[in-house]
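# Examining the three-dimensional arrangement
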Amino acid sequence: MCCECCGDLGLFSDLSASPPACNITCPMGRVNADCDTCMCEDATLHGKVSLEDGSPAADARVYLQAKKLKLLTTADNRGMFRIPGVCPDGKNTLKIKKAKYATATLHRSGSPKEGGCKPYIYRSPEDKARRVGQSVSLCCDAQGSPAPDRYLWYHNGSLLDPSLYKYKNNLILKNLNREQSGEYFCKASSAGGSAKSQVARLAVIEAPCDPQPQSHLIRLPHDCFQKATNSFYYDVGKCPAKTCVGKLDKGLRCKDNVSYCCGVSKMETRDISCDGYTLPTKVIIECGCKKCTETKIMVRGRATAADNGEPLRFGHIYMGNKRVSMTGYKGTFSIHVPADMERLVLTFVDRLQKFVNTTKVLPFKENGGAVFHEIKLLRKKAPVTLESTETNVISLGEMEEDDPIAELEIPPNAFYRKNGEVYSGKVKASVTFLDPRNISTAPVTQSDLNFVDEEGDVFPLRTYGMFSVDFTNEQGTESLNADKVKVHLDAAQVKMPDHLQEMKLWSLNPETGLWEEEGDFNIEKSTRRKREERTFLVGNMEIKERRLFNLDVPESRRCYVKVRAYRSERFLQSEQIQGVVISIINMEPEPGFSSNPRAWGRFDSVVTGPNGACVPAFCDEQNPEAYGAYILASMGGEELEAVPSAPKLNPAAIGVPQPYLNKLNYRRTDHEDPNIKKTAFSINMAKPSPNSPEENNGPIYAYENLSECEEAPHSAAHFRFYRIEGDRYDYNTVPFSEDDLMSWTDDYLAWWPKPMEFRACYIKVKINGPQEVNVRSRNMGGTHPRTIGRLYGIRDVRSIRDPQQRDVSAACLEFKCSGMLFDQDRVDRTLVKVVPQGNCRRVSVNSMLHEYLVNHLPMATNNDTSEYTMLAPLDPLGHNYGIYTVTDQDPRIAKEIALGRCFDGTSDGTSRIMKSDVGVGLTFTCSERSATEQSIFQSQRNLGHTCTVVGNMKRNKLISSY
């Protein structure tokens, strides 16, 4: 077991006076009633007991080592304990006992960390909406050692008078008026420092939601051109998913029992005239205040080695001190994010100790759904053997043709056991260094490189290297600590002069994901292995409970970069993608600038929302080349493509006008070498000049203008990524955005009947013929009395040529799964009609699928051999039937997994290459289409922002719509 302690000032329970016949002399405090130890009324010992794997040692008993063991307290379910009256004189010894574990011994440190440990906000106030005249309660909670004893509340940045509002950790506002709308946050303080909560937005309104829907265009099928609007688009309306005032609970609560959002209150069905048929669609005609759609928030990913992609197999995943999950054989993981979670901090622990324990702060979709993260792990350095009685020097950084960034100097007899005894013998030392001079190491960055200053504000750090330390005895069975360790940082590696004065040593708090200051550096002259005298920054440290350290400087020159992701190169506002992970590698400065250290300094990630993402970065107003950045995007583990910069810059496509674009020096990674991947771009981080109007409309925003960046209209300048989703098109009768789960509507004709669980179904269709063929599924109600004969939606997809067979192609075609509808009252067997376009003839149906349908009546009629009709199976059949079904909390992930299996023709594999001979459900033979016959995917590619179709028609890759 391990025990951490932190001293602080606190309340002290009454102590008896010293007995008259007691011979103990107390340098601090006074003798207790039993005459066996000294007690200090103004001191409280806070501690935490944990097991070797980091989990809390609940119910561990804490004893004082006196004439006989004296039970002082018992740790709670978090492993935390509190003991009043223990003097910080270094003379007290504590024994920690827990059944089935070895007893741990702890010496009370003589000088606890000055002021104690900083508070940490674990519950921030929540966004709320109230009507004028109502009341509201906003709550904030923090923890720390010592516990926070003072809370301050702020409204729009101004302190609310504590004597007037009479608040503590909760703020109650009564008889609200419009002027009290705005942003609120709390500040918790203790002797250890301060911390500020996240901002909560309070809306005080006189009227409910605006009943008038906003405009929202959906794309219609290829054969549904609208002459009235001269386009393929139709306005179905949209209600903004913002907080509104619904029915309130009695009493004032920190969290409203029911959340209310503006949503659909009335829809009507309209028939759209298409080429030879009528297409029904649901149009929103009125919005109102209703219960918010309940969704699940998920984080998925894969943890692999940064050097060779080796998966972290069956690794433990911790959220704070609690183990919440494990990685699978391939390193994959899935985490359910609690609804009230503000900051997701996960630590990945390798049971085999091949990799450094890795703490990550992972962004997620607050409105529900899943985000995929690639977790890169740093392989542990092979241990070296040290003599504990000698001075040992360990280099940090091994770049070819370059000196180490720093060195660790461990003096003789510095190693000691966890019980405080000095260790003498051989030591196995594994010190792993993350070198920022190697750009490929940036994704391995631990946490998000932030710290909390004395005022409670969060600030970023610029790293000069991180190192993980692991000391054990020669047998590797006992962890060791080390005291009076010196860090010698080569000043020649710090190219920015102002950083020399600001350099500090930091350690990572794995519970909060924040870095905490360990000490300062002093400038010293030394020869250190070289003949010439050199300048070093020297800092002192103790390697104890925390094993991950950082050489960092705080950086105040900050900006935000506006980035959006799209489904195609048309960059339409309606085709934006949410849930894309935008990552930025801060490089400072760019090559050519006089103080260029040729190193990265920071790595950040943000997830796109309905209005893109604002990514934090360092910037400089005086010199546009002082800082640079590489920006990349990924979704579901797949990298998105950036807009090209060669052979010629196209400002309209990139999304940034001239001359600002030239100043930013936009370059896609393949700018000079076409063989390099096209999935990232670099820019100079030139802070916008306030005197230049063309620089004050994005894509770079000053740090204080975050809200302006987040709320920027689509027409404002921004950088772009796009994803070619293939030749496929989706149409839903009830409009729904798979990127925004809050847009779900409780309607019998909804494609997805539940917003917390999404089931994707595909059938594999094989095409024998010389050409690729477009295949459509038309999905209607089959057996439910409310939907029978009514359209759920249409799916179109183009078959993909088999690379091994010239005249064979195949398509993975989505259809609406059978099952319960939104009211969960009874099931519907979806009536699915599969129709290949052109001169096609059905030649076979998977025998197992046919047998299943025969045995599960009713049976659909199939008199037309140019198509196939079935009542979709209720059961999740597999590849042997040619059917692929996946259920997930995010519709896009469910579809991606099902598509991968369908391409592969298996029920558990995945592939990006179509295998047309395995796992097939239907087979058609199609003859060559005549020259005058139009493909359902032929339309003009619209590279601008207009929906008008003019000129000659040509082939276009359609994308998923809603």
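Source: prediction; values computed, not measured.

It is worth spelling out the overall build of the protein chain at this point. Along its length, the protein chain carries seven helices and 66 strands. Per-residue burial over the protein chain gives 53% buried out of 962 residues. Of the contacts made within the protein chain by residues no fewer than 6 positions apart, 69% connect residues no fewer than 24 positions apart.

That bond from Ala-646 to Pro-647 is cis: its omega, 5°, falls within 30 degrees of zero. Here Pro-647 shows up in the loop between strand E49 (641-642) and helix H3 (651-654). Positive phi values are uncommon outside glycine, yet Phe-314 reaches one of about 55°. Structurally, Phe-314 can be placed in the loop between strand E23 (297-305) and strand E24 (316-319).

Next up on the list: helix H6 (residues 847-855). Of the positions making up H6, those classed as buried are Leu-849, Tyr-852 and Leu-853. Seen along its axis, H6 keeps its buried residues to an arc of 95°; they face one direction. Set apart from the buried face of H6 by more than 90 degrees, the exposed residues are Ser-847 and Asn-855. Elements that come into contact with the buried residues of H6 comprise strand E55 (758-768), strand E63 (840-845), strand E64 (868-871) and strand E65 (883-888).

A few words now on the confidence of the model for the protein chain. With 89% of its residues at a pLDDT of 70 or more, the protein chain has an overall mean of 83. Counting interchain partners and residues more than four positions distant, the pLDDT-below-50 stretch residues 6-20 has 43 contacts. Counting interchain partners and residues more than four positions distant, the pLDDT-below-50 stretch residues 109-115 has 13 contacts.

Let's shift gears to the pairing of E24. A two-sided burial pattern is seen for E24, the buried positions comprising His-316 and Tyr-318 on one face and Ile-317 and Met-319 on the other. Two elements, E24 and strand E25 (residues 322-326), share four bridges in a ladder whose sense is antiparallel. For Ile-317, the partnering residue across the bridge sits in E25 and is Ser-325. Linking E24 to E25, which pair antiparallel, is a turn of two residues; within it Gly-320 sits at a positive phi near 70°. The pairing of E24 with strand E27 (residues 345-349) spans three bridges and is antiparallel. Across the sheet, residue Tyr-318 finds its bridge partner in E27, namely Thr-347.

Here five strands make up an open sheet; going across it, the order is E54-E57-E56-E62-E64 and the pairing antiparallel. A strand with exactly one partner marks an edge of an open sheet, and here the two such strands are strand E54 (728-732) and E64. For this sheet the average axis-to-axis angle between neighbouring strands, irrespective of direction, equals 15°. Pairing of strand E62 (residues 831-836) with E64 involves four bridges; the strand directions are antiparallel.

With that out of the way, let us pick up a nonpolar patch on the surface. Taken together, Phe-314, Met-326 and Tyr-329 make up a surface patch of nonpolar side chains, about 310 Å² in accessible area. By the secondary structure assignment, Tyr-329 is in the loop between E25 and strand E26 (332-336).

On to the sheet that holds E26. Ordered by their spatial adjacency, three strands build an open sheet running E26-E23-E29, and the pairing between neighbours is mixed. In the strand order of this sheet, the two ends are held by E26 and strand E29 (369-377), each with one partner. Between one strand axis and the next, the sheet turns by 25° as a mean value, whatever way the strands run. Examined bridge by bridge, E23 and E26 share five bridges and lie antiparallel to one another. Looking at the pairing, Arg-300 lines up with Ser-334 of E26.

Now for the pattern of salt bridges. This structure, assessed with the given rule, holds 45 salt bridges. Residues Asp-520 and Lys-504 are paired through a salt bridge, measuring 2.6 Å at the closest nitrogen-oxygen approach. Here Asp-520 is found in strand E39 (residues 514-520), whereas its partner Lys-504 is found in strand E38 (residues 504-509), with 16 residues between them in sequence. Here Lys-766 and Asp-917 are joined by a salt bridge, their closest N and O atoms 2.8 Å apart. Taken together, the residues Lys-766 in strand E55 and Asp-917 in the loop between helix H7 (891-904) and strand E66 (922-926) connect sequence positions 151 residues apart. Lys-766 sits in the buried class, given a relative accessible area of 17%. Residues joined in a network through salt bridges with shared partners are Asp-730, Glu-738, Arg-795, Glu-814 and Lys-895.

Time to look at the state of the cysteines. Scanning the model with the defined rule gives 12 disulfides in all. The partner cysteine of Cys-239 in its disulfide is Cys-287, sulfur to sulfur 2.0 Å. What sets the handedness of the Cys-239 and Cys-287 disulfide is the S-S torsion sign, and at about -90° it is left-handed. Here Cys-239, found in the loop between strand E20 (233-235) and strand E21 (260-273), pairs with Cys-287, found in strand E22 (residues 278-291); they are 48 residues apart in sequence, far enough to count as distant. You'll find Cys-239 and Cys-287 in the same group, each marked buried. With a sulfur-sulfur separation of 2.1 Å, Cys-812 is cross-linked through a disulfide to Cys-902. For the disulfide bridge between Cys-812 and Cys-902, the dihedral angle about the S-S bond is near -100°, and by the sign convention the bridge is left-handed. Remark: Cys-902 occurs in helix H7 and Cys-812 occurs in strand E59 (residues 808-815); sequence separation between them is 90 residues. In terms of burial, Cys-812 and Cys-902 fall into one category: buried.

Before going further, it helps to spend a moment on the packing of aromatic side chains. According to the stated counting rule, one finds 19 aromatic pairs in the structure shown. Judged by centre distance (5.1 Å) and plane angle (90°), the rings of Phe-415 and Phe-471 are edge-to-face. With Phe-415 in strand E33 (residues 415-416) and Phe-471 in strand E36 (residues 458-473), this residue pair connects regions lying 56 residues apart in the sequence. Grouping residues by exposure puts Phe-415 and Phe-471 together as buried. Linked through ring pairs, Tyr-666, Phe-681, Phe-719 and Phe-721 together constitute an aromatic cluster. For the cation-ring pair, Arg-795 lies above Trp-751, with the distance from its terminal atom to the ring centre recorded as 3.7 Å.

Glancing now at the pairing of strand E57 (residues 791-798). Among the eight residues that make up E57, eight are buried, leaving the element largely enclosed by the rest of the structure. Of the strand pairs in this sheet, E54 and E57 are connected by five bridges, and their pairing is antiparallel. By the bridge assignment, Tyr-729 is partnered in E57 with Asp-796. Judged from the seven bridges that link them, strand E56 (residues 774-780) and E57 form a sheet pairing that is antiparallel.

Let's shift gears to the side chain of Asp-435. Along the chain, the position of Asp-435 falls in the loop between strand E34 (426-434) and strand E35 (450-452). At 2.8 Å, the side chain of Asp-435 forms a polar contact with the side chain of Arg-437. If near-sequence neighbours (up to four positions away) are discounted, Asp-435 is found in contact with Gly-397, Glu-398, Met-399, Ile-405, Thr-441 and Trp-600.

By size, the foremost hydrophobic cluster in this structure holds 41 residues, and its most contacted members are Val-561, Met-685 and Phe-719. Counting residues per element, the ones that place at least two in this core are strand E43 (558-566), strand E44 (581-587), strand E46 (613-618), strand E47 (628-635), H3, helix H4 (660-664), strand E51 (680-684) and strand E53 (719-722). Counting residues per element, this core draws most heavily on E43, at five residues. Discounting residues that sit within four places of it in the chain, Met-685 has contacts with Cys-559, Val-561, Ala-617, Phe-618, Cys-619, Asp-620, Pro-624, Tyr-627, Gly-628, Ala-629 and Ile-700. By size, the runner-up hydrophobic cluster in this structure holds 33 residues, among which are Leu-396, Leu-408, Leu-480 and Ala-482.

Taking 1.5 Å as the rise per residue, H7 with 14 residues should run 20 Å; its terminal C-alpha atoms sit 20 Å apart, in good agreement. Within H7, 11 of the 14 residues are buried, leaving the element largely enclosed by the surrounding structure. For H7, the N-terminal capping position is held by Asp-890, with its side-chain oxygen 3.0 Å away from the main-chain nitrogen of Arg-892. Positive phi appears at Gly-905, one or two residues downstream of H7, with a value of about 75°.

Along the chain, the position of Phe-618 falls in strand E46. Linking Phe-618 and Ala-686, residues 68 residues apart in sequence, is a C-alpha distance of 9.3 Å.

Before going further, it helps to examine the side chain of Asp-453. Among the secondary structure elements, Asp-453 is positioned in the loop between E35 and E36. At 2.8 Å, the side chain of Asp-453 forms a polar contact with the backbone nitrogen of Asp-457. Dropping the residues within four chain positions of it, Asp-453 is found in contact with Lys-118, Ser-194 and Phe-459.

Cut-offs applied
- Residues numbered from 1 in each chain as written.
- Predicted model: local features only at pLDDT ≥ 70, side-chain atom pairs only at ≥ 80, totals over all residues.
- Heavy atoms only, no water.
- Helix = DSSP H or I, 4+ residues; strand = E, 2+ residues; numbered from the N terminus.
- Buried < 20%, exposed > 50% of the residue type's maximum accessible area, 1.4 Å probe, protein only.
- Contact = heavy atoms within 4.5 Å.
- Arc of directions from axis to C-beta.
- pLDDT = per-residue confidence, 0-100.
- Pairing = 2+ DSSP bridges.
- Axes fitted to C-alpha atoms, helices over the stretch in contact; angles between N-to-C directions.
- Patch = residues over 30% accessible without salt bridge, like charges linked within 9 Å, V, L, I, M, F, W, Y side chains within 5 Å.
- Areas by Shrake-Rupley, 256 points an atom, 1.4 Å probe, with all protein chains shown as cover.
- Salt bridge = Lys/Arg side-chain N within 4 Å of Asp/Glu carboxyl O.
- Disulfide = S-S within 2.5 Å.
- Phe/Tyr/Trp six-rings, centres within 6.5 Å; stacked < 30°, edge-to-face > 60°.
- Lys NZ or Arg CZ within 6 Å of the ring centre and 35° of its normal.
- Polar contact = N/O pair within 3.5 Å; in protein donor to acceptor, adjacent residues only side chain to side chain.
- Core = buried A, V, L, I, M, F, W, Y, C linked by side-chain atoms within 4.5 Å.
- Expected span 1.5 Å × (residues − 1).

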